[in-house]
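A structural walkthrough
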Amino acid sequence: MMGIAVCRNIFLSPINFTTMLSKISFASRTLARNARGVATIQEVLKSQVPQKQADLLALKKEHGDKVLGEVTVDQCIGGARGVKCMLWETSNLDAEEGIRFRGHTIPDCQQILPTFKGPAGPENGEPLLESLFWLLLTSEVPTKAEVDGLTADLHKRAASLPSHVVPLLNSLPKDMHPMTQFTIGLNAAQTGSAFAKAYQDGAPKTEYHEYVLEDVLNVVAQLPEIAATIYRNVYFDGVVSKDTSLDYSGNFCRMLGYDDKGFDELMRLYLCIHTDHEGGNASAHATHLVGSTLSDPYLAYAGGLNALAGPLHGLANQEVLGWIQGIQKQMADEGKEVNAETITQFTWDTLNAKKVIPGYGHAVLRKTDPRYSCQREFALKHMPDDELFKIVSTIYEVMPGILTEHGKTKNPYPNVDSHSGVLLWHYGFTQFQYYTVLFGVSRAVGALSQLYWDRALGLPLERPKSVTPEFIKKFCESQ
Ligand SMILES: CC(=O)SCCNC(=O)CCNC(=O)[C@H](O)C(C)(C)COP(=O)(O)OP(=O)(O)OC[C@H]1O[C@@H](n2cnc3c(N)ncnc32)[C@H](O)[C@@H]1OP(=O)(O)O
Ligand SMILES: O=C([O-])CC(=O)C(=O)O
C-alpha cells in the first residue's frame, strides 16, 4: 500500500526523484522483512517492482521525447561505440574510473559486502558472490543473514539440474572447447525453464518476471555443476564432489577439485569482479537481446556465453596465458631471459604480424581496468614472488608505452583478462583453455540480474534500425 501511494505521488509531481527513491528503497526493505527481520531476495524484489515500474513510466512520460545523443556515421560503422541506446540497471562503466555495481566501485564493495567470515571489510576477506548478486538484483546491501539465506537457496536449487544434463556432458568429445560444452550444457538444462512453461501455459505478461526470477536463480545455481563437470571430464576423472556447508564460490572450488582456502578467496574475488560491466559488452548485450524476444533465461544466457567465447571478449584471458607462454618458449629456445627488453621485442613481433595483444585495450575504458588493479593487489598480497606474476608486472611496465608508440589502440592499458590467468595458475589451475568458463559462471550473475529487470519493467523486443551503405552516402550527400 505504502509503495503504491508513494508511486502515485511521484507520477503526479515528478520532483526530487533521488531523495524519494532512497526513502522508498528503505520502506520497501522494511516491508519485505519477515518476522525474523530477514528478507528473502524474492520478498525484496516483489516489494520493489511496482515502484520501479511507476518510476520508468514517469521517466518516459516526463522525458520520453528528449535527445540523449546523436549517431555519427563512424559510430554506425564502428560497432556503435558510445551510442546510448540501452537501459541498464545493475551497473555503469566510466571510461576513467571503471565499473560501479549499483553505484559502488570494487573497493567500495570490498568494504561493504558480507564475506565468508561474516562482516564486511577487507580484513575478513573478499565479498561473497551471493552478496554481490543481492546488490545487483535489488540495489541494496544485504545483511549476512540474508546472504546466508540466498546461499542455502542456491544450493537447494542446484539439485534441480535436469538429470539428462550431466550424461550429455559426459558424452561430449574431450577436445571440444570447454565454452562450446558450456553452452551445450546450459541449453540442455533449458528443459527445466519455469518461464518457458508458464509462457506456454498462457501466463499474463504482468507475471513474466516472477517466472524469470525462478529461472535466473536456477541458472545461477546450476551453472557450477555444468562448469565443474566439464572441467573434471576434460582434464581429470569426471568426478564432481560438493561441500554445501560452504558458500557458492567455496562449493564451486570443491566441485572443480580444489581444497585450498587461498584459492577459495581468489575465486570469491574473481566471481565478483567478472559479474557485470554495464549493458553494452557483448555477453551482456547478447543476453539482453536474446531475452528481449522472450526466450527464457537459459536460452538468453547461452547466447551471452557464445558472445563471451570470442577472443576479443572473454576468451582473451585464455589468449593472455597463451601469449605469455609464447614468450617463455621463444626465449627458452633462444637461450634468453624473459625481461622488459625481450617482452618489448616479442610485442613488436606480435603487432607487426597484425595480431592484437590480448589483455590490453578496451572498447570503453581509457585507464587501467580497476578489475586488473584489484587482481594485482591480490597478487601483491598473496603471491608477490610468483614468477608468472613478475612477468605480468613487467608486461604492465612496458606495454602502455609500446601500444602508444604503435599508435592504434585508443586505450594502451590492461583490462581484466590480462591478470586473471596468472592468479589461477599460481594455485595450480593451469588449464587455461578452460578459463573463460569461470568468467561465464560469474557473468551470469550480472547479465541475468538485468534480465530479471528487463521483464519486470516490461522492456520491449530490441530491434534497432540498420542502414545500407547506399543510404548513408545518399543521406550524407543530401545534408
Ligand atoms: C572482458 C573483456 O572483454 S575485456 C577485452 C578483452 N579483449 C582483449 O583483450 C583483446 C585485445 N584487445 C582488443 O582487441 C581491443 O582493444 C578491444 C576489442 C578490446 C576493443 O576494441 P576497439 O574498441 O575497437 O579498440 P580501439 O578503438 O582501441 O581499436 C583501434 C585499433 O587498435 C587496435 N587495437 C586495439 N587494442 C589492441 C591491442 N590490444 N593490440 C593491438 N591492437 C589493438 C584495434 O584492433 C584497431 O585496429 P584497426 O584500426 O586496425 O581495426
Ligand atoms: O565492457 C566490455 O566491453 C568488455 C568487458 O570488459 C566486459 O564485458 O567485462
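Just so it is clear, the model here is predicted, and its values are computed rather than measured.

**Things to note about the overall build of the chain**
Tallying secondary structure elements over the chain gives 22 helices and two strands in all. In terms of overall size, the chain behaves like a compact globule, its C-alpha atoms giving a radius of gyration of 23 Å where 479 residues would be expected to give roughly 23 Å. If one aligns the C-alpha atoms of the chain with their principal axes, the spans along those axes are about 75 × 65 × 45 Å. Out of the 479 residues belonging to the chain, those deemed buried represent 51%. Restricting the contact set of the chain to residue pairs at least 6 apart, pairs at least 24 apart contribute 74%.

**Comments concerning the nonpolar core**
Generally speaking, a soluble globular protein has its nonpolar side chains buried in company with each other. Counting residues in each nonpolar core, the largest one holds 116 residues, and the members touching the most others are F182 and F429. A per-element tally of this core places helix 11 (residues 208-235) first, with 15 residues. Here F182 is in contact with L223, I226, A227, I230, L305, V437, G440 and V441, once residues within four sequence places are set aside.

**Here's the deal with the site of ligand 2**
Around ligand 2, the surrounding shell consists of H277, N281, H313, H362, R371, F439 and R443. At a separation of 2.8 Å, an oxygen atom of ligand 2 approaches a polar side-chain atom of H277. Between ligand 2 and the protein, one listed contact pairs an oxygen atom with a side-chain N or O atom of N281 at 3.4 Å. In isolation ligand 2 has 260 Å² of accessible area, and contact with the protein removes 85% of it.

**Focus on the environment of T409**
Secondary-structure assignment places T409 in the loop between helix 19 (387-406) and helix 20 (417-426). Through-space distance from the C-alpha of T409 to that of Y360 is 8.9 Å; in sequence the pair is 49 residues apart. Polar side-chain contacts of T409 include one of 3.1 Å to the backbone oxygen of N411.

**Points about the UniProt feature "active site" (unreviewed entry) in the chain**
Under the local residue numbering, the UniProt record ascribes the feature "active site" (unreviewed entry) to H313, H362 and D417. Taken along the chain, the residues just named run across 105 residues; in space they keep tight, none of their C-alpha pairs more than 10.7 Å apart. Here H313 lies in the loop between helix 15 (297-308) and helix 16 (316-334). Those residues in contact with H313, other than ones at most four positions away along the chain, are N281, A282, S283, A307, L308, D417 and R443. For D417, the location among the structural elements is in helix 20. For D417, a relative accessible area of 5% gives the class buried.

**With respect to the side chain of S449**
Checked against the element boundaries, S449 lands in helix 21 (residues 435-456). Those residues in contact with S449 that lie beyond four places of it in its chain are T90, F133, L136, L137 and A444.

**So, the packing of helix 12 (residues 248-256) against helix 13 (residues 261-273)**
In a pair of packed helices, the angle between the axes and the distance between the axes together describe the arrangement. Their axes nearest at 9 Å, the elements helix 12 and helix 13 cross at an angle of 120°. Judged on the interaxial angle alone, helix 13 and helix 12 are oblique. In this structure, helix 12 crosses over helix 13, and the sense of that crossing is right-handed. Counting all contacts with helix 12, which are made through Y248, S249, G250, F252, C253 and R254, the residues of helix 13 involved are F263, D264, M267, R268 and L271. For the contact of helix 12 with helix 13, the per-class residue count stands at six nonpolar, two polar and three charged.

**Notes on the site of ligand 1**
Near ligand 1 you find 20 residues, and of these H313, G359, Y360, K408 and K410 are the closest. For ligand 1, an oxygen atom lies 3.0 Å from a polar atom in the side chain of R81. In the environment of ligand 1, a nitrogen atom lies 2.9 Å from a nitrogen or oxygen atom belonging to the backbone of I357. Looking at the shell around ligand 1, its residues break down into ten nonpolar, six polar and four charged.

**Brief notes about helix 13**
The first and last C-alpha atoms of helix 13 sit 19 Å apart over 13 residues, in line with the 18 Å expected at 1.5 Å per residue. Extensive coverage of helix 13 is indicated by the burial of eleven of its 13 residues. Listed in full, the buried residues belonging to helix 13 are F263, D264, E265, L266, M267, R268, L269, Y270, L271, C272 and I273. N-capping of helix 13 is provided by D260, with a side-chain oxygen placed 2.7 Å from the backbone N of G262.

**Some words on the side chain of S292**
Position of S292 relative to the elements: it lies in helix 14 (residues 282-292). Within polar-contact distance, the side chain of S292 engages the backbone oxygen of L289 at 2.8 Å. A polar contact of 2.9 Å, which involves the side chain of S292, links it to the backbone nitrogen of E462. Dropping the residues within four chain positions of it, S292 is found in contact with R455, P460, L461 and E462.

**Quick look at the state of the cysteines**
Evaluation of the coordinates by the stated rule reveals zero disulfides. In this model C85 remains outside any disulfide bridge; the closest cysteine sulfur is found in C76, 11 Å from its own. By relative accessible area, C85 is classed as exposed at 59%.

**Examining the pattern of salt bridges**
Taken as a whole and judged by the stated rule, the model has 19 salt bridges. A salt bridge links E225 to K242; the shortest N-O distance between them is 2.9 Å. Of this pair, E225 sits in helix 11 while K242 sits in the loop between helix 11 and helix 12; the two residues are 17 residues apart in sequence, bridging distant segments of the chain. For R254, the salt bridge is made with D264, and the minimal N-O distance between the two is 2.7 Å. Placement of R254 in helix 12 and of D264 in helix 13 is noted, with a sequence separation of ten residues between them. Both residues of the pair, R254 and D264, count as buried. Through salt bridges that share partners, K52, E89 and R102 make up one connected network.

What counts, and at which threshold
- Residues numbered from 1 in each chain as written.
- Chains lettered and ligands numbered in written order.
- Predicted model: local features only at pLDDT ≥ 70, side-chain atom pairs only at ≥ 80, totals over all residues.
- Heavy atoms only, no water.
- Helix = DSSP H or I, 4+ residues; strand = E, 2+ residues; numbered from the N terminus.
- Rg over C-alpha atoms; globule rule 2.2 N^0.38 Å.
- Buried < 20%, exposed > 50% of the residue type's maximum accessible area, 1.4 Å probe, protein only.
- Contact = heavy atoms within 4.5 Å.
- Core = buried A, V, L, I, M, F, W, Y, C linked by side-chain atoms within 4.5 Å.
- Near = heavy atom within 4 Å.
- Polar contact = N/O pair within 3.5 Å; in protein donor to acceptor, adjacent residues only side chain to side chain.
- Areas by Shrake-Rupley, 256 points an atom, 1.4 Å probe, with all protein chains shown as cover.
- UniProt positions renumbered as here; feature names shortened; annotations may be inferred.
- Axes fitted to C-alpha atoms, helices over the stretch in contact; angles between N-to-C directions.
- Parallel < 35°, antiparallel > 145°, perpendicular 65-115°, else oblique.
- Left-handed = near helix turned anticlockwise from the far one by under 90°.
- Nonpolar A, V, L, I, M, F, W, Y, C, P; charged D, E, K, R; others polar.
- Expected span 1.5 Å × (residues − 1).
- Disulfide = S-S within 2.5 Å.
- Salt bridge = Lys/Arg side-chain N within 4 Å of Asp/Glu carboxyl O.

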